[in-house]
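As a plain string of letters, each chain reads:
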Amino acid sequence: MGSNLANVKHNIFLTYCHEVVGVAMKWLVKQHFPMSAIGEAQNFQETLSDLPKKNYDLVVLDAEIADNTHLLGAVQHIKSVSPLTRILIFSELDEAVYGPKYLAFGTNGFLAKNADVDDIVLAIETALSGGVFYGERDKGEPASRQQATMPEMAHRLSSRECQIADLLVKGTSLSQIGKLTNLKETTISTYKKRIFQKVGVKTLSDLIAVWEIYK
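Residues numbered from 1 in each chain as written. Predicted model: local features only at pLDDT ≥ 70, side-chain atom pairs only at ≥ 80, totals over all residues. Heavy atoms only, no water.

### Things to note about the overall build of the chain
The criterion, for reference: Comment: elements are numbered from the N terminus, with helices defined as DSSP H or I runs of at least four residues and strands as E runs of at least two. Note on exposure labels: buried denotes an accessible area under 20% of the residue type's maximum, exposed denotes more than 50%, and partly exposed covers the range between, all computed with a 1.4 Å probe on protein chains only. Accessible surface is estimated by sampling points in the Shrake-Rupley manner with a 1.4 Å probe; for residues, cover comes only from the protein chains shown.
When helices and strands are counted, the chain shows 11 helices and five strands. Put simply, the chain has 215 residues, and 48% of those count as buried. Accessible surface for the chain amounts to roughly 10,900 Å². Of this, 51% is attributable to carbon and sulfur atoms.

### Section: the sheet that holds strand S1 (residues 11-15)
Note the cut-off: In this description, strands pair whenever DSSP reports at least two bridges between them. To obtain each axis, a line is fitted to C-alpha atoms, and for helices this fit is confined to the stretch in contact; angles are then taken between N-to-C directions over 0 to 180 degrees. The contact rule is simple, with two residues in contact once any of their heavy atoms fall within 4.5 Å.
Strand order in the open sheet formed by five strands is S2-S1-S3-S4-S5, and the pairing between neighbours is parallel. The two strands at the open ends of the sheet, each matched to only one other strand, are strand S2 (37-41) and strand S5 (110-112). When strand polarity is set aside, the average angle formed by the axes of neighbouring strands in this sheet is 20°. Helix H5 (residues 117-128) contacts S1, strand S3 (58-62), strand S4 (86-91) and S5 of the sheet and is inclined by roughly 155° relative to S4.

### Examining the pattern of salt bridges
For the record, the criterion: Within this document, salt bridges are pairs made up of a side-chain nitrogen of Lys or Arg and a carboxyl oxygen of Asp or Glu, the two lying within 4 Å of each other.
Scanning the model with the defined rule gives seven salt bridges in all. Between Asp 50 and Lys 53 there is a salt bridge whose closest N-O contact spans 3.2 Å.

### Thoughts on the packing of helix H1 (residues 19-32) against H5
So the rule is basically this: Roughly parallel means an angle under 35 degrees; roughly antiparallel means over 145; roughly perpendicular covers 65 to 115; every other angle is labelled oblique. Crossing handedness is read from the near helix: turned anticlockwise from the far helix by less than a right angle, it gives a left-handed crossing, and turned clockwise, a right-handed one.
Where H1 contacts H5, the two axes come as close as 11 Å, and the packing angle between them is 70°. Our classification of the angle between H1 and H5 gives roughly perpendicular. Judged by the sense of rotation from one axis to the other, the crossing of H1 with H5 is right-handed. When H1 is examined against H5, the residues Met 25, Leu 28, Val 29 and His 32 are found in contact with a partner set consisting of Val 117, Ile 120, Val 121 and Ile 124.

### Focus on the pairing of S3
Where burial is concerned, most of S3 is hidden: five out of the five residues are buried. Here S3 shows a buried face lined by Leu 58, Val 60 and Asp 62 and a second buried face lined by Val 59 and Leu 61. Where S1 lies against S3, three bridges are found, and the strand directions are parallel. When the bridges of S3 are listed, Ile 12 appears paired with Leu 58. Across five bridges, S3 lies against S4 in parallel orientation. Along S4, the bridge assignment pairs Val 59 with Ile 87.

Written out as structure tokens, the structure is:
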């Protein structure tokens, strides 16, 4: 599939944790977006130091170059210093679980590393045009049944749930939360499960990673 943006100049920054992935992505971008200039980084520190040196239209951010917390921090950092830069998350992680979290942070799509060439080109094209690429979620289920994005979920938490989530993120134990809120520990456990379901996370570390922007 040829790109509709093949004759348009863009600055594209590629991050990758494996050389073979970088080589493949650079080849693909050169083939389908030949007018574009390519920047690259193979680790997290290089990414943070090299990105500010140029105004990039698109950053393809490899999710495996850092842990979840640092990667989400990098997304926020890119958005703060260059609001117009589009971001695609490129990952081996399960899109159904992690895709909504990254989209909630204002990225332009979640791209699986096993995606075919047409999907990768479409994802880059969509992001460069300012759109959002939904990948397999768009193909597999109706929009009404897709997991809600973070802004949509923000309205679903009660004030009590927000209070307990905030305490959980701060490292407060269930027993301590119970004392602070005058609730039984079993009730706090129920609240915790409910919060995880509404936010769309499975672990406390994931909740911590998304909570600041979630609030």
